[in-house]
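# Close look at the chain arrangement
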Amino acid sequence: MSNRLSPALASKLATPLQIGSVVLESRVLQSPLSGVTDLVFRRLVRRYAPKSMIYTEMVSAKEIHHLQTLPQLMEIAPGEEPISIQLFDCRPDFMAEAAQKAVAEGALTIDINMGCPVNKITKKGGGSSLLRQPEVAEAIVKTVVDAVEVPVTVKTRLGWDDDQITILDFARRMEASGASMLTLHARTRAQGYQGTARWEWIAKVKKVLSIPVIANGDIFSVEAAIACLSQTGADGVMCSRGTLGYPFLVGEIDHFLRTGQVLPPPSIKARLQCGKEHLQGLWEYKGQRGIIQSRKHMAWYCKGFPGAAELRDKLSRIESLEQGYQLIDRAIFNY
Ligand SMILES: Cc1cc2nc3c(=O)[nH]c(=O)nc-3n(C[C@H](O)[C@H](O)[C@H](O)COP(=O)(O)O)c2cc1C
C-alpha cells in the first residue's frame, strides 16, 4: 500500500469536516464499540486524538425510556467533546426521547445505529434490520431530527446480504430524511465482520450523496486509511477493531492527515503502560466489574511481541488490580 495521498485529496482532508451545524477539526473518527468505548477507553483515545469525534457504545432507546436513571453507557466526562451518543431501537418516539436526553448529557451529534448485525437487536427491528425497513428508518431519522437541535447521523451497512445490497437507495433516503452524515461499514449484515470490507461501495455512495460520507471497515493502519480515502473519495474514516488494545490508531491517522508524516509506532513498553492505565481506569470506574471487563482489553494489548501469548493468557484470567499490575510491570521491566 502506498503511504501517499494525492495533493488534491490531501488538501481536502486537511480542511474541517462539516456535519450539519457542527464543525470537526479532524476527519478521523473513533467508532462506537459496544463493550469497549466506555469513558475509560475514550479517555485514552482522546489523549492521542484531541480533535476527533468519539462515539459512545450503542445505547438502547427502549432502556432509556423505561429506566428511572440514565444508563452508565451515556455518561460523558467533562472535556470529552467532540462526542456523539449512538442510539438504537426501531420506535421513532423512543428514539426522539432518548435523543433529547442524550443532547442534555452533552452529545454534540446523535448517531443512529442501523448496522448492528446481532440477532438480539435485529429480531426486535433495530440495528441492521432497518435496512430491510427503509420507511421505518426514514421515520426514525425524521422524528429525531425534529426532536433535537444537534445534527443526526446514521451508521449502517451495505444491505442485508449479497442479494439485497440496498445501500444506494437507503443512503439517499437517509439524506432526504434529514441525516447530516452517513457512516458506511462496507459489509453486509450477513457478512458480520467476515471477509474484506467492500470499499468500492463507499465510492458509489459518496457519488450519490451531498452529506459527508465516512468510510468504515478494515481501517487497521495509516496505510489502510490512505488507501481507503484514495479509493473512495470519502470525507473521513472511522476506526473500529483496529483500536482494540491500540487506542493510538485514530491519533496516528489524524496526525498523518494533518502533517503528511507517519508517526513511529509506540514501543512495546508504551503499549503495555497504556494497557496498565486502561486497567486502572476500569477498576476506578467500574470496580470488580471493570476487572472482569479488563481481561479482554488486556488480551488485545498483548500482541506482536515475544512472550505476548503467555502474558495474554495470564492477563485474561486476572481477578484483581494488583494481579494485573504485577503481570504488566514484570513485562514492562523485561523490555
Ligand atoms: C466489539 C465490537 C462492538 C461493536 N459495537 C458497535 C456499536 O455499538 N455500534 C455500532 O454502530 N457498531 C459497532 N460495531 C461495529 C464497528 O463500529 C464497525 O462498524 C465494524 O467493526 C467495522 O469496522 P472494522 O472492520 O474496522 O472493525 C462493533 C464492532 C465490534 C467488533
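Residues numbered from 1 in each chain as written. Predicted model: local features only at pLDDT ≥ 70, side-chain atom pairs only at ≥ 80, totals over all residues. Heavy atoms only, no water.

### A short note on the packing of aromatic side chains
The line we're drawing: Centres within 6.5 Å are what make two rings of Phe, Tyr or Trp a pair, Trp counting through its six-membered ring; a difference in plane orientation under 30 degrees is then read as stacked, over 60 as edge-to-face, and the rest as tilted. Where helices and strands are cited, they refer to DSSP runs of H or I of at least four residues and of E of at least two residues respectively, numbered from the N terminus. The buried label applies to any residue whose accessible area, calculated with a 1.4 Å probe on protein chains only, is under 20% of its type's maximum; exposed applies above 50%, and partly exposed to all values in between.
Taken as a whole, this structure holds 2 aromatic pairs when the rule is applied. Between Tyr 48 and Phe 248 the ring centres are 4.7 Å apart and the planes differ by 45°, which places this aromatic pair in the tilted class. With Tyr 48 in helix α2 (residues 39-48) and Phe 248 in the loop between β10 (236-239) and α10 (249-259), the pair connects residues that are 200 residues apart, well separated along the chain. Ring geometry for Tyr 246 versus Phe 248: centroids 5.1 Å apart, planes at 65°, classification edge-to-face. For the pair Tyr 246 and Phe 248, a shared accessibility class is recorded, and that class is buried.

### Comments concerning the domain arrangement of the protein chain
Quick note on the threshold: The domain limits used here are those given by an automatic or database domain assignment. Note on contacts: a residue pair qualifies if any of its non-hydrogen atoms lie within 4.5 Å across the two residues. Once two parts are joined, some of their accessible surface, as seen by a 1.4 Å probe, is lost; buried area is that loss totalled over both. One speaks of a salt bridge when a side-chain nitrogen belonging to Lys or Arg is within 4 Å of a carboxyl oxygen belonging to Asp or Glu. Here a polar contact is recorded for every N or O atom pair within 3.5 Å, except that within protein the pair must consist of a potential hydrogen donor and a potential acceptor, and residues adjacent in sequence are included only if both atoms are side-chain atoms.
Annotation of the protein chain at the domain level lists domain 1 (7-259) and domain 2 (268-333). Computed over C-alpha atoms only, the centres of domain 1 and domain 2 are separated by 29 Å. Opposite the 16 residues of domain 1 that make contact, domain 2 presents 15 residues. Interface area, domain 1 with domain 2, both sides summed: about 1400 Å², of which 60% is carbon and sulfur. Of all residues in domain 1, the largest losses of buried area upon contact with domain 2 belong to Val 40, Gln 72 and Gly 245, amounting jointly to 33% of the total for that side. On the surface where domain 1 and domain 2 come into contact, there are 2 salt bridges. In this structure, Arg 47 and Glu 277 form a salt bridge, with 2.5 Å as the shortest nitrogen-oxygen distance. Remark: the boundary between domain 1 and domain 2 carries 5 residue pairs in polar contact (both at pLDDT 80 or more).

### Observations concerning the site of the ligand
Defined as follows: Note on terminology: near, applied to a residue and a molecule or strand, indicates that one of the residue's heavy atoms is within 4 Å of it. Note on areas: these come from Shrake-Rupley sampling with a 1.4 Å probe, and a residue is covered only by the protein chains present in the view. Ten residue types, Ala, Val, Leu, Ile, Met, Phe, Trp, Tyr, Cys and Pro, are classed as nonpolar, four, Asp, Glu, Lys and Arg, as charged, and the remainder, Gly among them, as polar.
If you check the shell around the ligand, you find 17 residues, and the closest are Ser 34, Gln 86, Lys 155, Asn 216 and Arg 241. Between the ligand and Pro 32, the relevant distance is 3.1 Å, taken from an oxygen atom to a main-chain nitrogen or oxygen of the residue. Look at the ligand: alone it shows 610 Å² of surface, and the protein chains cover 89% of it. Looking at the shell around the ligand, its residues break down into 5 nonpolar, 8 polar and 4 charged.

### Quick word on a positive patch on the surface
Selection rule: Candidate patch residues must exceed 30% relative accessible area and have no salt bridge, after which like charges are joined if within 9 Å and Val, Leu, Ile, Met, Phe, Trp or Tyr side chains if within 5 Å. Counted as positive: Lys and Arg. Counted as negative: Asp and Glu, with His and the chain ends omitted from the count. We put the charge of a Lys on NZ, of an Arg on CZ, of an Asp on CG and of a Glu on CD.
Judged by side-chain charge, Lys 62, Lys 120, Lys 123 and Lys 124 come together as a positively charged surface patch. Looking at the element boundaries, Lys 124 is found in the loop between α5 (119-122) and α6 (134-147).

### Focus on the environment of Gly 304
Secondary-structure assignment places Gly 304 in the loop between α12 (288-301) and α13 (308-315). The exposure class assigned to Gly 304 is exposed, which follows from its relative accessible area of 76%. C-alpha of Gly 304 to C-alpha of Ile 268: the two residues are 36 residues apart in sequence and 8.7 Å apart in space.

### Notes on the environment of Glu 57
With respect to the helices and strands, the residue Glu 57 is situated in strand β4 (residues 54-60). For Glu 57, a relative accessible area of 8% corresponds to the buried category. Taking the C-alpha atoms as reference, Glu 57 lies 19 Å from Asp 218; in sequence the two are 161 residues apart. What Glu 57 contacts, discounting residues up to four positions off in sequence, is Leu 33, Ser 34, Gly 35, Val 36, Thr 37, Asp 38, Leu 73 and Gln 86.

### Side note on helix α11 (residues 268-286)
Operational definition: In this analysis, the expected span of each helix is defined as 1.5 Å times one less than the number of residues it contains.
With 19 residues, α11 should cover 27 Å at 1.5 Å per step; its first-to-last C-alpha distance of 27 Å lies within 8% of that length. Those residues of α11 that are buried are in contact with α2, α12, α13 and α14 (321-333). Just beyond α11, the residue with positive phi is Gly 287, at close to 65°.

### Observations regarding the packing of helix α7 (residues 167-177) against helix α8 (residues 199-208)
Definition in use: Axis definition: a line fitted to C-alpha atoms, limited for helices to the stretch in contact. Angles are taken between N-to-C directions and run from 0 to 180 degrees. Here the word oblique covers every angle except those under 35 degrees (roughly parallel), over 145 (roughly antiparallel) and from 65 to 115 (roughly perpendicular). Should the near helix be turned anticlockwise from the far one by less than a right angle, the crossing is left-handed, and should it be turned clockwise, the crossing is right-handed.
Two elements in contact, α7 and α8, have axes whose closest approach is 10 Å; the angle formed by their N-to-C orientations is 40°. With respect to their mutual orientation, α7 and α8 come out oblique. Once α7 is placed against α8, the crossing between them reads as right-handed. The residues of α8 that touch α7, namely those facing Ile 167, Leu 168, Ala 171 and Arg 172, are Trp 201, Lys 204, Val 205 and Val 208. In terms of residue class, the contact of α7 with α8 is made up of 6 nonpolar, no polar and 2 charged.

### As for the side chain of Arg 27
Relative to the helices and strands, Arg 27 is located in the loop between β2 (22-24) and β3 (28-30). Comment: no salt bridge for buried Arg 27; closest opposite-charge side chain is Asp 235, at 4.3 Å. Among the polar contacts listed, one links the side chain of Arg 27 to the backbone oxygen of Thr 15, at a separation of 2.7 Å. Setting aside chain neighbours within four positions, we find Arg 27 in contact with Lys 12, Leu 13, Thr 15, Pro 16, Leu 17, Asp 235, Gly 236, Val 237 and Leu 257.

### Remarks on the pairing of strand β6 (residues 109-114)
Burial of β6 is extensive: 6 of the 6 residues sit out of reach of the surface. Because side chains alternate across β6, one face comprises the buried residues Thr 109, Asp 111 and Asn 113, and the other comprises Ile 110, Ile 112 and Met 114, equally buried.

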